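Below, each chain spelled out in residue letters.
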Protein chains: 2
Amino acid sequence: MKTLNVDLGERTYPIHIGHNLIDSDLLGSVIRGHQVLLVSNETVASLYLDRVLSNLTAFEVATVILPDGENHKNIGTLDLIFSEALTKRFSRNVTMVALGGGVVGDIVGFAAATYQRGTDFLQIPTTLLSQVDSSVGGKTGVNHRLGKNMIGAFHQPIAVLIDTDILKTLPAREMSAGLAEVIKYGLLGDVAFLSWIEDHLDELIAKNPSVLSKAIEHSCKMKAAIVARDEREHGVRALLNLGHTFGHAIEAHLGYSGCLHGEAVGTGMVLAARVSHVMGLLSESDVIRTVSICKRANLPVRPPKGMTPNDFLEHMAVDKKNIDGRLRLILMHSLGMAFVEEQAPMAVLDDVLQACCH
Amino acid sequence: MKTLNVDLGERTYPIHIGHNLIDSDLLGSVIRGHQVLLVSNETVASLYLDRVLSNLTAFEVATVILPDGENHKNIGTLDLIFSEALTKRFSRNVTMVALGGGVVGDIVGFAAATYQRGTDFLQIPTTLLSQVDSSVGGKTGVNHRLGKNMIGAFHQPIAVLIDTDILKTLPAREMSAGLAEVIKYGLLGDVAFLSWIEDHLDELIAKNPSVLSKAIEHSCKMKAAIVARDEREHGVRALLNLGHTFGHAIEAHLGYSGCLHGEAVGTGMVLAARVSHVMGLLSESDVIRTVSICKRANLPVRPPKGMTPNDFLEHMAVDKKNIDGRLRLILMHSLGMAFVEEQAPMAVLDDVLQACCH
């Protein structure tokens, strides 16, 4: 097992990465109170709930199984958690445990941020995407019908338990979605890591355990370092949104159920690369390299059929990364060197979208 | 104008107390961005909205008018704010302004805590209760059908503007509800202040401006000092809940619409005094003094007709101040010296409730 720390002063917490962690004593040892609200979704619960529960016999445990999918990431679903916690009369000393992917982690984290003004929560991410990205850093929240992740809070977990063996049961499409975020770390800040991913992409897709562990560790290390520098996204943390402004527009356009988050981010990174190219920053070959790695990871590299440039602009204008209505994008000076463009030229954006939409 | 500070490191903020502050430049000067979401309720808006708006012409302003009353303090009402902010495409740099009493302040504060993971917010409390208590300290939230204030966050305002002239239009019943919290400060930590209140209660009820200002200043000073010592209620801040565990039970029993919060707290303080007496802490004359000051402030000193001891216990067991299911109460060693009783004897509680319920 490897342990990384997210250094946030009194909110510092460990990320434990290893094999069969959900069967280890670690699970019980990080929980501080004696009440546990374990939240999962239908798919994950059928595979792993019993194993986790069998490690929590020392606690008073209640379980909530959420419906599966991003389209359930809303205030209504949140209420399932609140109602169960209140019915069980759980105090503010309850620990909420998120056993699932990014959707479960975001919802449970936000429930923990707001139940009785804040309880402990523990992340047990079960998808590659949540293991390398969303479980670390304390961003929690739900979608609003008028925008993705518009309602939320920064609320750090007490620990993140990454059990890499769980990925054995992860569908290939979900693996690809997770690889999008792994690739993102290479593109945004580490071109050597990008090359390493290119060299090991087939093994990653084939779930080679040691290669996968290395990718997860390196991704978490990069995420932890960025979050430690800028917990509340006043600066450098924004780079983690590479591909996400376009991605969120795609997800919103498809009603949060037509694609996986990582798939939308894959397309979004390609669009960000193209905008960077038209602005004279990235070379044509850099764009091709970006497209190629995303394609090899089985990610979509063009917007969904029928989605127009106007659809993009409509959804991007309410993206919460926009400061005061100006169009803010994460672009790249070069591969491995992303930056925040505060006022992206609308003409360039329009050109790229016109060329890519179909 | 007097200014007090709530000392919370980087979250330190001023409480400005004075005459006609809503007409002063102060209002615009504390807002950092250029977008403002001004939220009020029907009653307050009809009296003060135009005056506040006329001071915000330099900003992009949207307005949300909430229905009046504690029974609207829920997630559904919160969505009126989110929807307006998203429709106006307000960024995370918006400042939400709460113009109203405790209900408006709590809802708007929670909206600000969670809109795009946190925006600035400014409190302009318009009732005595919110001026002396709820606008200071960053407790925000909404009720759940299974418990009061069960969903919320700690989110400090950027400033609190207390315009004492606004109280001129406050109904007598609301004045009494506010006086309950003023009396609370005397009972929980300052017996000299309690005596001062007794000496000036008629002037307070008559809204004598200088006496009222003094009561507000002293109350805010006590609140600010306690919050600065214990922002997240791990210790001393719990004393501010004197009378509130009983009070919340009364409010829940009446469905959050049958009484004012301050009225329930008045009854709750009397019950806390009685429990303290039966436990051998307060003298009979201390109880009589507590009952007398509440009565003089026109507060109810007995539970609502028909509310049984079982009704109390049922609602108190889910009160969020209870740690892990034990019955936790704020009691008094003596008048002006409250403490946290972690395990109140159920027999004493039952005796007092049996004697007081009717």
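These numbers come from a predicted model, not from an experiment.

(A) Molecular detail of the packing of helix α6 (residues 172-189) of chain A against helix α7 (residues 191-205) of chain A. All names here are of chain A. Interhelical geometry of α6 versus α7 gives an angle of 160° and a closest axis separation of 7 Å. With respect to each other, α6 and α7 are oriented roughly antiparallel. As α6 runs across α7, the sense of the crossing is left-handed. Residue-level contacts link M175, L179, V182, I183, Y185, G186, L187 and G189 of α6 to V191, F193, L194, I197, L201, L204 and I205 of α7. Split by residue class, the contact of α6 with α7 holds 13 nonpolar, two polar and no charged.

(B) Representation of the pattern of salt bridges in the model. What the rule picks out here adds up to 42 salt bridges over all chains. In this structure, D79 of chain A engages R145 of chain B in a salt bridge whose closest nitrogen and oxygen atoms are separated by 3.2 Å. In this pair, D79 of chain A is assigned in helix α3 (residues 75-87) and R145 of chain B in the loop between β7 (139-144) and β8 (147-154), connecting two distinct chains. Look at R145 of chain B and you get exposed, because its relative accessible area is 62%. One salt bridge connects K2 of chain B with E217 of chain B, and the closest N-O pair in it is separated by 3.2 Å. Of this pair, K2 of chain B sits in strand β1 (residues 2-6) while E217 of chain B sits in helix α8 (residues 209-229), placing them 215 residues apart in sequence. Residue classification places K2 of chain B among the partly exposed positions, given a relative accessible area of 47%. Counted as one network, the salt bridges with shared partners bring together E70, K73, D106, K148 and E251 of chain A.

(C) Just the nonpolar core, in detail. Ranked by size, the top nonpolar core spans 79 residues in total, and within it I15, F246 and F312 of chain B carry the most contacts. By residue number, the principal contributor to this core is α8 of chain B, which donates nine residues. Lining this core are residues from two domains, each supplying at least three of them: domain 1 (2-169) and domain 2 (172-356) of chain B. When residues no more than four places from it in sequence are discounted, the contact partners of I15 of chain B are K2, T3, L4, V6, V136, V160, I162, C220 and A224 of chain B. Among the nonpolar cores identified, the runner-up in size contains 78 residues, and V182, V211, V291 and A338 of chain A belong to it.

Cut-off values and rules
Residues numbered from 1 in each chain as written. Chains lettered and ligands numbered in written order. Predicted model: local features only at pLDDT ≥ 70, side-chain atom pairs only at ≥ 80, totals over all residues. Heavy atoms only, no water. Axes fitted to C-alpha atoms, helices over the stretch in contact; angles between N-to-C directions. Helix = DSSP H or I, 4+ residues; strand = E, 2+ residues; numbered from the N terminus. Parallel < 35°, antiparallel > 145°, perpendicular 65-115°, else oblique. Left-handed = near helix turned anticlockwise from the far one by under 90°. Contact = heavy atoms within 4.5 Å. Nonpolar A, V, L, I, M, F, W, Y, C, P; charged D, E, K, R; others polar. Salt bridge = Lys/Arg side-chain N within 4 Å of Asp/Glu carboxyl O. Buried < 20%, exposed > 50% of the residue type's maximum accessible area, 1.4 Å probe, protein only. Core = buried A, V, L, I, M, F, W, Y, C linked by side-chain atoms within 4.5 Å. Domains from an automatic or database assignment.

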